[in-house]
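So you can see what is in the structure, the chains are spelled out below.
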Amino acid sequence: MSKNLSALSFRKGLDQSVFDRMVRSGEARGTAEDAATVHRIGEESLFGDAVTLGAVSFYDFLKKQNAGKKVLLCNGSACLCAGTQEALHRDVARHFKPEEIGHICCLGRCHQGAAFQFAGRNHSGLTASQLETLLATGEGESADRYAVVSDLPRPILTAPWTDLADFYAPLKAWLRRDPRELAAELRDSGLRGRGGAGFPLHLKWQSCRDSKGDIKYVVCNADEGDPGAYIDKYLMEHQPHSVLLGMMAAGWFCGAKVGVLYIRAEYPDSIARMNAAVRELREAGWLGRDIQGSGFDFDFKTIQGAGAYICGEETALLASIEGQRPEVRVRPPFPTQEGLFRRPTVLNNVETFANLRPILAGGGKAYAATGTAQSTGPKLLSLDGHFVRPGIYEVAMGTPLSRVVHELAGGFRDPVKAIQVGGPLGGLVPLDRIGSLTVDFESFKNAGFLLGHAGVVSIPASMPMIDYVEHLFQFTADESCGKCFPCRLGSTRGQELVARARAGQGRMDRALVDDLLETMEQTSLCALGGGVPLPIRNALKYFADELQPYFEPAV
Ligand SMILES: Cc1cc2nc3c(=O)[nH]c(=O)nc-3n(C[C@H](O)[C@H](O)[C@H](O)COP(=O)(O)O)c2cc1C
Ligand code: SF4
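1. A look at the overall build of the protein chain
And then number 1: Within the protein chain, the secondary structure is distributed over 24 helices and 14 strands.
And then number 2: The C-alpha radius of gyration of the protein chain comes to 23 Å, within 12% of the 24 Å expected for a compact globule of 555 residues.
And then number 3: Over its C-alpha atoms, taken along the principal directions, the protein chain stretches across nearly 70 × 55 × 50 Å.
And then number 4: Taken across its 555 residues, the protein chain has 57% of its residues classed as buried.
And then number 5: Taking the intrachain contacts of the protein chain between residues at least 6 apart in sequence as the baseline, contacts between residues at least 24 apart amount to 72%.
And then number 6: A total of about 21,700 Å² of accessible surface is found on the protein chain, and carbon and sulfur atoms cover 51% of it.

2. Thoughts on helix H22 (residues 510-523)
And then number 1: Here H22 is 14 residues long and its end C-alpha atoms lie 20 Å apart, about the 20 Å a rise of 1.5 Å per residue gives.
And then number 2: Taken together, the buried positions of H22 are Val513, Leu516, Leu517 and Met520. Taken end-on, H22 shows its buried residues confined to a sector of 95°, consistent with a single buried face. Turned more than 90 degrees from where H22 packs its buried face, Ala511 and Gln522 sit exposed.
And then number 3: Elements in contact with the buried residues of H22: helix H20 (465-479), helix H21 (485-502) and helix H23 (533-542).
And then number 4: At the N-terminal end of H22, a side-chain oxygen is found 2.9 Å from the backbone nitrogen of Ala511, two or three residues along, and the residue is Asp509.

3. Details of the packing of H22 against H23
And then number 1: Packing of H22 against H23 brings their axes to within 10 Å, and their N-to-C directions diverge by 150°. Classed by the angle they form, the pair H22 and H23 counts as roughly antiparallel. Every pair of crossing elements has a handedness; the one defined by H22 and H23 is left-handed. Note on element contacts: H23 touches H22 through Pro533, Ile536, Arg537 and Leu540, opposite Arg510, Val513, Asp514, Leu517, Glu518, Met520 and Glu521.
And then number 2: Here the contact of H22 with H23 is composed, by residue class, of six nonpolar, no polar and five charged.

4. A word on the pairing of strand S13 (residues 427-430)
And then number 1: The alternating pattern of S13 places Gly427 and Val429 on one face and Leu428 and Pro430 on the opposite face, and all of these are buried.
And then number 2: Note that strand S12 (residues 416-421) and S13 share four bridges and pair antiparallel. Note that in S13 the partner of Ile419 across the bridge is Val429.
And then number 3: Between the antiparallel neighbours S12 and S13 lie five residues, among them Gly422 with a positive phi of about 95°.

5. Section: the nonpolar core
Here is a general trend for soluble globular proteins: nonpolar side chains tend to be buried in one another's company.
And then number 1: Membership of the largest hydrophobic core comes to 159 residues, with the highest contact counts inside it found for Tyr168, Trp205, Met248, Phe300, Ile419 and Met465.
And then number 2: Among the elements that take part in this core, helix H12 (residues 240-254) stands out by supplying 10 residues, more than any other.
And then number 3: Non-local contacts of Met248, meaning those with residues more than four positions away in its chain, are made with Tyr168, Leu171, Leu281, Trp286, Leu287, Ile291, Phe296, Phe298 and Phe300.
And then number 4: Residues Leu73, Phe96, Leu131 and Leu135 belong to the second largest nonpolar core, which totals 12 residues.

Conventions and cut-offs
Residues numbered from 1 in each chain as written. Chains lettered and ligands numbered in written order. Predicted model: local features only at pLDDT ≥ 70, side-chain atom pairs only at ≥ 80, totals over all residues. Heavy atoms only, no water. Helix = DSSP H or I, 4+ residues; strand = E, 2+ residues; numbered from the N terminus. Rg over C-alpha atoms; globule rule 2.2 N^0.38 Å. Buried < 20%, exposed > 50% of the residue type's maximum accessible area, 1.4 Å probe, protein only. Contact = heavy atoms within 4.5 Å. Areas by Shrake-Rupley, 256 points an atom, 1.4 Å probe, with all protein chains shown as cover. Expected span 1.5 Å × (residues − 1). Arc of directions from axis to C-beta. Polar contact = N/O pair within 3.5 Å; in protein donor to acceptor, adjacent residues only side chain to side chain. Axes fitted to C-alpha atoms, helices over the stretch in contact; angles between N-to-C directions. Parallel < 35°, antiparallel > 145°, perpendicular 65-115°, else oblique. Left-handed = near helix turned anticlockwise from the far one by under 90°. Nonpolar A, V, L, I, M, F, W, Y, C, P; charged D, E, K, R; others polar. Pairing = 2+ DSSP bridges. Core = buried A, V, L, I, M, F, W, Y, C linked by side-chain atoms within 4.5 Å.

As structure tokens, this is what we get:
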């Protein structure tokens, strides 16, 4: 990420955001990538054509290849495993030309399958007649219903809404205190980031607080791109104030006055609900200058993404907001030192921010009473449509995974042979290992899996594991930012090897595949190329017999 470009983008600021301009022009035309638009944005931002074209051509929603698409079918892992998309494609093809049908990944409708976006709205699980009416008339059902279950004595993240004054009371009480007092509570809470890596929150916030700078930012990573995950989507659409409150607490503690919500375009309802919640806060006098007479100034800005999984990676996300091509950046410097517009920035996941209110209300130690010693607090999981009761499940960290799968969610409605927990880079857990795991970072890591963000995709018994392995390589190849060779080339070569073997055109050399996975794992710059070897190795280990015919016999 170029420092000069960051400085140019800063001059435009968030209100005239360069990236926003790209997204808006894309909305009007179906793509931003025509020479005149790119040139105008390049001139106005002083980025120049090459930089602007490099950025817009990266995004699914802005690139030329996707111009004129009218229906976008979800091709994420959950829809793939639901086996719904071929039939959906056939039905849709009766109404649209082939060039009008595109793909999108993922809509967070993993609890239903048959997910697609039409006229800017998301749909899933429609009956044939509902689909027919929708496509013919443009009108129809898009309700997004799933179970919301809390296994806690008193729900924390899924608690029913009360009212604004009650909800923000703990923050109001803290605004009268010295921010330094919060440091001990954050440390005692043991809260670790929910975006995947489990990084201790108190260290991140303290680092941003300690970084020098008049201007700092809070950024909420609402780019939940893991197929199978709709945890952040649930929080934004049903608990939006828990996210806003957490961001405000971060701003107050770290010394930032602006909170940026970066929300993926695949979640139009989340964008609308978060914007409405910001309006509610403003009307109640909770935004702007000298909030509640505390001397604390804060406001929000929503940025809509444009369809790129890698924008969930924090440095790519920051480059995206700046209007630069969203390539991953080498760290250090970390975002808390040089983040958005090269200013100190605290960036957290949606669910992480949602955990702040219980800490502010009851203190760090009380918060840490839920969960395990190293993984404290509650955790949300999202379960796909293979479960008897698909939905969002709130459990204490440390809860047996089998309790979630078999007791709370009622098991599977059809035969399943493995679950992938934590997105495409998460562990692939065979059914007979579910009983040995608990829902926390350590249990998954020690067993050779990854809890990640805890979206769950079920792999049906009828699906050949080799198909799923190819899907993982393909996903990585499609979503690689291209910055480093091991990921950019390795994922494509891996996909080709598997595709050839699947087609009976040549078995794979196991030593070569192991070498490829090790190279990707050891030398990729970020956890996309570095992370996908984990589930592929899980598949090779636990489904060795099934996959053996695709490899050359050992000599
Ligand atoms: C390829 C890739 C995709 C990621 N996607 C997301 C995402 O969708 N949401 C998210 O919060 N974090 C995602 N992350 C992790 C972020 O980089 C970052 O660690 C996280 O947002 C920090 O917030 P936390 O400390 O609250 O977890 C991703 C990381 C990688 C490498
Ligand atoms: S691992 Fe992949 S996504 Fe990550 S920096 Fe390298 S090319 Fe980009």
